[in-house]
Amino acid sequence: MTDALILINEKQAAARLGLSTDYLYRLRTSGPRRRSSKDMPLPPGPAFLRIGRRVAYRPADLDKWLDDMSSGFARTSRRRGRPTKVKQAQHQKVEG
């Protein structure tokens, strides 16, 4: 049996990703909530299959989603608020 034929349920997928089942449900129904820029949009949640009322995931799809999140979709730290005195001095030198 290959990895593509194996299906896991929502609880198993959440455990594999280290997420809650509620968060997987939110990703499935409304997408990611974190803001994204036009240059780097956030990917939707992992691909899933609906078999009747049951939701199932392929392990390969979960791994692909994790790879997508880690390559280019990771949060970049931005400093917010007032600039430091060093940044203010550099900005004044450029302008003046």
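Rules behind the numbers
Residues numbered from 1 in each chain as written. Predicted model: local features only at pLDDT ≥ 70, side-chain atom pairs only at ≥ 80, totals over all residues. Heavy atoms only, no water. Axes fitted to C-alpha atoms, helices over the stretch in contact; angles between N-to-C directions. Helix = DSSP H or I, 4+ residues; strand = E, 2+ residues; numbered from the N terminus. Left-handed = near helix turned anticlockwise from the far one by under 90°. Contact = heavy atoms within 4.5 Å. Nonpolar A, V, L, I, M, F, W, Y, C, P; charged D, E, K, R; others polar. Pairing = 2+ DSSP bridges. Buried < 20%, exposed > 50% of the residue type's maximum accessible area, 1.4 Å probe, protein only. Phe/Tyr/Trp six-rings, centres within 6.5 Å; stacked < 30°, edge-to-face > 60°. Lys NZ or Arg CZ within 6 Å of the ring centre and 35° of its normal.

Caption draft 1: Representation of the packing of helix α1 (residues 10–17) against helix α3 (residues 59–70) in the model. Here α1 crosses α3 at 35°, and the two axes come no closer than 11 Å. The two elements α1 and α3 cross, and the hand of that crossing is right-handed. Contact residues: α1 offers Ala13, Arg16 and Leu17, while α3 offers Pro59, Leu62, Asp63, Trp65 and Leu66. For the contact of α1 with α3, the class distribution of residues is 6 nonpolar, no polar and 2 charged.

Caption draft 2: Structural view of the sheet that holds strand β3 (residues 54–57). Pairing is antiparallel in the open sheet, where 3 strands are placed in the order β1-β3-β2. Each end of this open sheet is capped by a strand with a single partner; those strands are β1 (8–9) and β2 (49–51). Here β1 runs beside β3; their pairing, made up of 2 bridges, is antiparallel. Residue Asn9 lies in a different strand from β3, and its bridge partner there is Ala56.

Caption draft 3: Inspection of the environment of Ala14 at higher detail. Among the structural elements, Ala14 can be located in helix α1. Assessed through its relative accessible area of 4%, Ala14 is described here as buried. The sequence separation of Ala14 and Leu24 amounts to 10 residues, and the corresponding C-alpha distance is 6.9 Å. What Ala14 contacts, discounting residues up to four positions off in sequence, is Leu19, Ser20, Thr21 and Leu24.

Caption draft 4: Broad picture of the packing of aromatic side chains. All told, the structure shown has 1 aromatic pair when counted by the stated rule. Between Phe48 and Tyr57 the ring centres are 6.4 Å apart and the planes differ by 55°, which places this aromatic pair in the tilted class. Judged by relative accessible area, which is 33%, Phe48 ranks as partly exposed. The ring of Phe48 has Arg28 lying over it, and the distance from NZ or CZ to the ring centre is 5.6 Å.

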